[in-house]
Amino acid sequence: MQLKKLLEKWDLTSLKIKAPFLEMQWEPQDEDKTAAWELYIELTTRAATQGLDLEEGDEAAALESVYQLFALTRETIKRNGRSCINFTRIAVVVLNQKVRLFTAKWHPRVLASPLDGAARQQFRAELSALQKDLRNYTRLLTDMADVEDLTDLEAV
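Residues numbered from 1 in each chain as written. Predicted model: local features only at pLDDT ≥ 70, side-chain atom pairs only at ≥ 80, totals over all residues. Heavy atoms only, no water.

A separate point is the pattern of salt bridges. For the structure shown, the criterion picks out seven salt bridges. Residues glutamate 59 and arginine 124 are paired through a salt bridge, measuring 2.8 Å at the closest nitrogen-oxygen approach. Taken together, the positions of glutamate 59 in helix 4 (residues 59-80) and arginine 124 in helix 6 (residues 117-145) put the pair 65 residues apart, joining distant regions of the chain. Relative accessible area serves as the criterion here: at 7%, arginine 124 is assigned to the buried category. Each of Glu59, Arg120 and Arg124 takes part in one network of salt bridges that share partners. (Salt bridge = Lys/Arg side-chain N within 4 Å of Asp/Glu carboxyl O. Helix = DSSP H or I, 4+ residues; strand = E, 2+ residues; numbered from the N terminus. Buried < 20%, exposed > 50% of the residue type's maximum accessible area, 1.4 Å probe, protein only.)

Structure representation (structure tokens):
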């Protein structure tokens, strides 16, 4: 399967990736599978991918959960080494094009003062959109890791 088809399958076509990479055959190595499994477990068990009702949670905690994805991804890549290049290609793009945009916008605002009113609603709406992308990313990671997708295991 081509990388382009994998991204289409999991509705991640908004990621901007150079054409030569999109046409490459998608053949994850064992290190890719291990890295994908490690990050999949992190993503499915944190606020970064879980719904957050308006009456629940805390914006600063949710933002921190999203921000931690940078360190978690870096550690996963370092731990699995240079042979997890397929995982790395996707992980870096998701961090830079999805996660970084969200954290760059909201970190200064949340650090300055707690969000309320319209800002709080806007944060929650943008977090919800990011969570949708991150849940699709977790599904892609299950493909890469060759494991069962438990992303939507819980009834809402």
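Moving on, we get to the nonpolar core. Grouped together as the largest cluster of nonpolar side chains are 39 residues, with contacts concentrated most on Phe87 and Tyr137. Going through the elements one at a time, helix 1 (3-9), helix 3 (30-44), helix 4, helix 5 (85-112) and helix 6 are the ones with two or more residues in this core. Among the elements that line this core, the one with the most residues is helix 5, at ten residues. Those residues in contact with tyrosine 137 that lie beyond four places of it in its chain are Leu12, Leu39, Leu43, Phe87, Ile90, Ala91 and Val94. (Core = buried A, V, L, I, M, F, W, Y, C linked by side-chain atoms within 4.5 Å. Contact = heavy atoms within 4.5 Å.)

The grouping of Trp37, Ile41 and Val147 at the surface amounts to a nonpolar patch, some 230 Å² of accessible area in total. Mapping valine 147 onto the fold places it in the segment after helix 6. Owing to a relative accessible area of 30%, valine 147 belongs among the partly exposed residues under this scheme. (Patch = residues over 30% accessible without salt bridge, like charges linked within 9 Å, V, L, I, M, F, W, Y side chains within 5 Å. Areas by Shrake-Rupley, 256 points an atom, 1.4 Å probe, with all protein chains shown as cover.)

This next bit is on the packing of aromatic side chains. Note on aromatic pairs: each is described by the distance of the centres and the angle between the planes. Under the criterion given, the structure shown has four aromatic pairs. Between the aromatic rings of phenylalanine 102 and phenylalanine 123, the centroid separation amounts to 5.4 Å while the plane-to-plane angle is 45°, which identifies the pairing as tilted. In this pair, phenylalanine 102 sits in helix 5 while phenylalanine 123 sits in helix 6, placing the two residues 21 residues apart along the sequence. Phenylalanine 123 carries the same exposure label as phenylalanine 102, and that label is buried. Relative to phenylalanine 123, the ring of tryptophan 106 lies with its centre 5.2 Å away and its plane at 90°, an arrangement referred to as edge-to-face. Note that tryptophan 106 is positioned in helix 5 and phenylalanine 123 in helix 6, a separation of 17 residues in sequence. The rings of Phe102, Trp106 and Phe123 are connected pair by pair, giving a single aromatic cluster. Lying over the aromatic face of tryptophan 106, arginine 109 brings its terminal NZ or CZ to 4.9 Å of the ring centre. (Phe/Tyr/Trp six-rings, centres within 6.5 Å; stacked < 30°, edge-to-face > 60°. Lys NZ or Arg CZ within 6 Å of the ring centre and 35° of its normal.)

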